[in-house]
Amino acid sequence: MSQTVKGVIARSEGAEVELVDVVVPDPGANDVIVRIQACGVCHTDLAYRDGGINDEYPFLLGHEAAGIVETVGENVTHVAEGDFVVLNWRAVCGECRACKRGQLEYCFDTHNASTSMTLADGTELSPALGIGAFIEKTLVHEGQCTKVDSSADPAVAGLLGCGVMAGVGSAVNTGQIKRGESVAVIGCGGVGVAAIVGARLAGAGTIIAVDIDDTKLEWAKDFGATATVNSSGTDPVEAIRELTGGFGADVVIEAVGRPETYEQAFYARDLAGRVVLVGVPTPEMRLDLPLLDFFGRGGALKSSWYGDCLPERDFPMLIDLHQQGRLPLDKFVTERISLDSVEAAFDSMKSGSVLRSVVTL
Ligand code: APR
Ligand code: ZN
Ligand code: ZN
C-alpha cells in the first residue's frame, strides 16, 4: 500500500519551493523506506530549483539526511527495520569499470530506488541526487543507507551525507594530507570549513584559511585554522608563501569553484604540491594558464567528487570520532528549521549567514 506524506518540491525553474503531498510507493525488492529525522539544506538543492543541474522538474529536494529505516523490500539484507542510517548518493554498484578496478569511490553506476515517488496526480518526481529527503518518508535503494551509531544527533549525522563529507574528504581522502603538512583552504563556507576540520584531523601543521569575508575567517579559526588571509585586500598567493617559509603550501584546497581562486590555489602551493578542487564550477568558466607552469610546478591536480568518500567506510568512522569529541560536526548546525522553511533557508544560505540550516522532523 502506497502512503502519502508531505515533501518539498521545486515545480519549475526558479519558482519558490512548495510543501505538497507526495505518494511514496511500496519498496521494490532492494528498496527501503526511511523515516527522515533531519535533512540539511545544501547549495545543490538551490541549484536544482534554479535549473542548474538539469530540467527534469518537478524535483523532490533534500539529500543530506539521517533517519530510521521503516520498511524494507523483500531482498534487503544491508539494513533492517529500526536501523539509524545516514543517506548517501554513492551506493557503490561493484560491477562498473571503476568498481572492477578497485576504485569504488569513482563508481559510475550507483544504485537508486527502483521506482519513483510521485505527486498526488501521478506525476513522477526527480529526487535530488537520487535521494529526495525534505520529506517525512523517502524511498531509496538499500545501498543508499549507511548504518551509524544510533546515539548520534540526526541533525549532525545527516550532514555527512553531502557537504561536510565533501569537505572533510577533500582533505583526508583526495588531498591525502599527512601529519605535519601545510595546508591552505580557499573559500571557508560549509565545504571549506569542513576541509579545515579534515586537515586538522589528518594532522596538518599549518592550516591557512582564505576568504573574502571576515566572518567566514572567524569561523575558520574556530574550526582549527592556524592563520587567516582576507584575500579581498591581500594577494593570497603571496600571503600563503609568507606563512609557509616562502615556499607555498603542501596542499591547497579550492572550495569556491571559480577560475580566479583555482589559479590562486595553483600558484599558492609548493613545488610538487597538490591542488584539490572541491568547489564546483559552472559551465561558462574558463582557465587560461601557461602550460609550462603545469609541467614546471609538477605535483598533482585533483578533483574531489563527494570527498572521494566511501560511505560505508567513512560515515560510521566520522560519527564515532564525533561521538568521542574529536570532530566538531555539531558546530556546522547553525539553525534547525521545519519542513515549510526551506525557501527561507535558501535566503539565509545566499546571504552567507549560516553554515548549515537543518530541517528537523
Ligand atoms: N576568494 C575567496 N573566497 C571566496 C571568493 C573568492 N574570490 N568568492 C567567494 N568566496 C567564499 C565565500 O565568502 C564563502 O565563504 O567562498 C565561500 C563559499 O561558501 P558557500 O557559499 O557557503 O559554499 P559551500 O557550501 O562551502 O560550497 C563551496 O563547494 O561543493 C561545492 O557547490 C559547492 O561550489 C560550492 C563550493
Ligand atoms: Zn560501480
Ligand atoms: Zn549537497
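Since the model is a prediction, treat every value here as computed from it, not as a measurement.

A. Structural context of the overall build of the protein. Scanning the protein from terminus to terminus reveals 11 helices and 18 strands. Against the 2.2 N^0.38 benchmark of 21 Å for 361 residues, the protein shows a C-alpha radius of gyration of 20 Å, consistent with a compact globule. Based on the C-alpha atoms only, the size of the protein along its principal axes is roughly 65 × 40 × 40 Å. Counting only residues that meet the buried cut, the protein has 51% of its 361 residues in that class. Here the contacts in the protein between residues at least 6 apart in sequence split such that 71% fall between residues at least 24 apart.

B. How the structure looks around the site of ligand 1. Looking at ligand 1, there are 25 residues lining it, with Gly-187, Gly-189, Val-191, Gly-257 and Val-280 nearest. For the shell around ligand 1, the element with the most residues is helix α5 (residues 190-202), which contributes 3 residues. Taken together, the residues of the shell around ligand 1 sort by class into 10 nonpolar, 10 polar and 5 charged.

C. Spotlight on the domain arrangement of the protein. The domain boundaries assigned to the protein delineate domain 1 (3-161 + 328-360) and domain 2 (167-305). When each unit is reduced to the centre of its C-alpha atoms, the spacing between domain 1 and domain 2 is 29 Å. Facing 6 residues of domain 1, the contacting portion of domain 2 comprises 6 residues. Considering only residue class, the side of domain 1 that touches domain 2 consists of 3 nonpolar, 1 polar and 2 charged.

D. Summary view of the sheet that holds strand β7 (residues 118-119). On the basis of which strands lie adjacent, the open sheet formed by 5 strands has the order β7-β2-β1-β4-β8 and mixed pairing. The open sheet has two edge strands, β7 and β8 (126-127), and neither has a second partner. Here strand β1 (residues 3-10) pairs with strand β4 (residues 59-60) via 2 bridges, running antiparallel. What sits directly across from Ala-10, in β4, is Phe-59.

E. A look at the environment of Ile-186. Examined against the element boundaries, Ile-186 turns out to sit in strand β11 (residues 183-186). The spacing of Ile-186 and Val-229 is 43 residues in sequence and 9.3 Å in space, taken between C-alpha atoms. Not counting chain neighbours up to four residues away, the residues in contact with Ile-186 comprise Val-210, Pro-236, Val-252, Glu-254, Ala-255, Val-256, Thr-261, Gln-264 and Ala-265.

F. Molecular detail of the nonpolar core. Counting residues in each nonpolar core, the largest one holds 113 residues, and the members touching the most others are Leu-61, Val-183, Val-185 and Ile-196. The element best represented in this core is α5, accounting for 8 residues. Taken domain by domain, the makeup of this core includes at least three residues from each of domain 1 (3-161 + 328-360) and domain 2 (167-305). Contacts of Val-183, omitting those with residues within four sequence positions, involve Ala-171, Ile-177, Ala-199, Ala-204, Thr-206, Ile-207, Ala-249, Asp-250, Val-251 and Ile-253.

G. Local environment of the pairing of strand β12 (residues 207-211). Burial analysis of β12 places 5 of its 5 residues in the buried class, which makes it a mostly covered element. Side chains of β12 alternate between two faces, with Ile-207, Ala-209 and Asp-211 and Ile-208 and Val-210 buried alike. Relative to β12, β11 runs parallel, the two sharing 4 bridges. When the sheet's bridge partners are listed, Val-185 is paired in β12 with Ala-209. As for the winding sense of the linkage, the β-α-β connection from β11 through α5 to β12 is right-handed.

H. Structural context of α5. Helix length check: α5 (13 residues) gives 18 Å between terminal C-alpha atoms against 18 Å at 1.5 Å per residue, within 8%. Among the 13 residues in α5, 12 count as buried, and that is most of the element. Gly-190, Val-191, Gly-192, Val-193, Ala-194, Ala-195, Ile-196, Val-197, Gly-198, Ala-199, Arg-200 and Ala-202 are the residues of α5 that are buried. Looking at the residues trailing α5, positive phi occurs at Gly-203, about 95°.

I. Representation of the sheet that holds strand β13 (residues 227-230) within the structure. Pairing in this open sheet of 6 strands is parallel, and the strands run β13-β12-β11-β14-β15-β16 from one edge to the other. At either end of the open sheet lies a strand with only one pairing partner, and these are β13 and β16 (300-303). In this sheet, neighbouring strand axes are inclined to one another by 20° on average, regardless of whether the strands run parallel or antiparallel. As paired elements, strand β14 (residues 249-254) and strand β15 (residues 269-277) share 5 bridges and run parallel to each other. The residue of β15 that forms the bridge with Ala-249 is Arg-269.

J. Representation of the pairing of strand β6 (residues 84-87). The two faces of β6 match: Phe-84 and Val-86 on one face and Val-85 and Leu-87 on the other face are all buried. Bridging between strand β5 (residues 64-72) and β6 involves 3 bridges; their strand directions are antiparallel. When the bridges of β6 are listed, Ile-68 appears paired with Phe-84.

Parameters and conventions
Residues numbered from 1 in each chain as written. Chains lettered and ligands numbered in written order. Predicted model: local features only at pLDDT ≥ 70, side-chain atom pairs only at ≥ 80, totals over all residues. Helix = DSSP H or I, 4+ residues; strand = E, 2+ residues; numbered from the N terminus. Rg over C-alpha atoms; globule rule 2.2 N^0.38 Å. Buried ≥ 20, exposed ≤ 12 C-beta atoms within 10 Å, placed from the backbone. Contact = placed C-beta atoms within 7 Å. Near = placed C-beta within 6 Å. Nonpolar A, V, L, I, M, F, W, Y, C, P; charged D, E, K, R; others polar. Domains from an automatic or database assignment. Pairing = 2+ DSSP bridges. Core = buried A, V, L, I, M, F, W, Y, C linked by C-beta atoms within 7 Å. Right-handed = clockwise from strand over helix to strand, strands pointing away. Expected span 1.5 Å × (residues − 1). Axes fitted to C-alpha atoms, helices over the stretch in contact; angles between N-to-C directions.

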